[in-house]
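Here are the chains, one letter per residue:
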Amino acid sequence: MQTIEAIISLLVFLSILPLILSSIEPHVPDDSFYRLHLANDIWRVFYLRGDFENFDKSALNSDANQITKLTSLCIGFEEEDVTSCVSDSELIRIKKTAIVDGNPKWITMKLSVKK
Amino acid sequence: MANRSSTDRFTLASTSAYVSTSASASGAVFLDLIFATLPIILIVVYTLTHAAYLSDNRIRNLEEEVTFHKLVSVSDIIVKQLAVQKSGGGWDSKFEPNLIDESELSSINPSAVAESIGLKSIYIGFEPHGAQSVQSGTKKQNSICVYRIVVSGEFREIRKLFICGD
């Protein structure tokens, strides 16, 4: 009887084990596509506001701060030392060209969570 | 006669003892069976309940993820085509992505959009102040939302557009 009991218990445990293991891991939805859209939105907003004309750093900083207020996301331009806040974990970085001092230059824009 | 009577008495007594021993043994087996099967039943019931809960949870998460991705797709169409400023007309019309025309935004029919992507309802509007300008711009509690950063108005103000759905 005890052997049967042990076998049944083991079978039940083995059948539920994958479910238990999958429930231990928190479900994190894949939002990488959305992050990419958000990063492109922000780049586009800078462009529409004319911040990339002559790469106006003060205008970029001001608009980046405003976007941070709206979204709680930190925006940083790696090569140009522009950042809107102290960041925690990085969400996405995109690399695009902008005209800096009359020359096209690769600029990396980084989005991260505000600390 | 007396001898026979004593023999009968002995036989009767031993039979009675045997019946008594057999009954107590089967009672013990029955009890043992109960105590052995009870944990198994409890384990099976708990397992089934837990599995049903996990399964429901997983289905709900998947549904939310599908809704989220649908909203991301809709938001992309809205900020790139449906609600943006357009120049030109017909096939030559030029769209300005992320430059929102509020009249175009108000002309979007949320229920038609929701129906086309298989959602119950969609709510579109600006946060935090502009929700009143859009007819459907009231956010509903417990709905899934995506946000897009856009510019609108004469001075190209930076605004946060929400698209929520359930």
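Our subject is the structure listed above.
A brief structural summary.

Calculation notes
- Residues numbered from 1 in each chain as written.
- Chains lettered and ligands numbered in written order.
- Predicted model: local features only at pLDDT ≥ 70, side-chain atom pairs only at ≥ 80, totals over all residues.
- Heavy atoms only, no water.
- Phe/Tyr/Trp six-rings, centres within 6.5 Å; stacked < 30°, edge-to-face > 60°.
- Helix = DSSP H or I, 4+ residues; strand = E, 2+ residues; numbered from the N terminus.
- Buried < 20%, exposed > 50% of the residue type's maximum accessible area, 1.4 Å probe, protein only.
- Lys NZ or Arg CZ within 6 Å of the ring centre and 35° of its normal.
- Contact = heavy atoms within 4.5 Å.
- Buried area = accessible area lost by both parts, 1.4 Å probe.
- Salt bridge = Lys/Arg side-chain N within 4 Å of Asp/Glu carboxyl O.
- Polar contact = N/O pair within 3.5 Å; in protein donor to acceptor, adjacent residues only side chain to side chain.
- Nonpolar A, V, L, I, M, F, W, Y, C, P; charged D, E, K, R; others polar.

According to the stated counting rule, one finds six aromatic pairs over all chains in the structure shown. Both rings, one in Trp43 of chain A and one in Phe77 of chain A, keep their centres 6.2 Å apart while their planes meet at 55°; by these two values the pair is tilted. Here Trp43 of chain A, found in helix H2 (residues 32–48), pairs with Phe77 of chain A, found in strand S1 (residues 73–77); they are 34 residues apart in sequence, far enough to count as distant. Classification of Phe77 of chain A by relative accessible area gives buried; the value is 1%. Note on Phe46 of chain A and Phe52 of chain A: the rings are 6.1 Å apart at their centroids and 70° apart in plane angle, and the pair reads as edge-to-face. Residue Phe46 of chain A shares its accessibility class with Phe52 of chain A, and that shared class is buried. Among the aromatic side chains, those forming a connected cluster through ring pairs are Trp43, Phe46, Phe52 and Phe77 of chain A. One cation-aromatic arrangement involves Arg159 of chain B over Phe126 of chain B; the distance from NZ or CZ to the ring centre is 4.1 Å. In this structure, Lys160 of chain B packs its charged tip against the face of Tyr147 of chain B, placed 4.4 Å from the ring centre.

This brings us to the environment of Leu17 of chain A. All names here are of chain A. Among the structural elements, Leu17 can be located in helix H1 (residues 2–24). You can call Leu17 partly exposed: its relative accessible area is 29%. For Leu17 and His37, which are 20 residues apart along the polypeptide, the C-alpha to C-alpha distance reads 38 Å.

Chain B puts 38 residues into the contact, and the matching count from chain A is 29 residues. Here chain B meets chain A over a buried area of about 2,900 Å², counting both sides, of which 69% is carbon and sulfur. For the chain B face of the interface with chain A, the top three residues by lost area are Ile40, Ile149 and Ile158 of chain B, together amounting to 22%. Inspection of the chain B/chain A interface yields two salt bridges. One salt bridge in this structure joins Arg148 of chain B and Asp41 of chain A, with 2.5 Å as the shortest N-O distance. Taken together, chain B and chain A are joined by eleven residue pairs in polar contact (both at pLDDT 80 or more). For the side of chain B that touches chain A, the secondary structure elements donating two or more residues are helix H1 (2–82), strand S2 (94–100), strand S4 (144–152) and strand S5 (157–165) of chain B. Per-element tally for the side of chain B that touches chain A: the top contributor is H1 of chain B, with 20 residues. Grouping the amino acids of the side of chain B that touches chain A by side-chain chemistry returns 21 nonpolar, six polar and eleven charged.

Moving on, we get to the pattern of salt bridges. Following the criterion strictly, the structure yields eleven salt bridges over all chains and no others. Here Asp63 of chain A makes a salt bridge to Arg49 of chain A, at a shortest N to O gap of 2.9 Å. With a gap of 14 residues between them, Asp63 of chain A in helix H3 (residues 57–71) and Arg49 of chain A in the loop between H2 and H3 connect regions that are remote in the sequence. Residue classification places Asp63 of chain A among the buried positions, given a relative accessible area of 2%. Taking relative accessible area as the criterion, Arg49 of chain A reaches 30% and is therefore assigned partly exposed. Glu127 of chain B serves as the salt-bridge partner of Lys160 of chain B, at 3.5 Å between the closest nitrogen and oxygen. On the criterion of sequence distance, the pair formed by Lys160 of chain B in strand S5 and Glu127 of chain B in strand S3 (residues 122–127) is long-range, its members being 33 residues apart.

Fair warning: the whole summary comes from geometry, so function is off the table for now.
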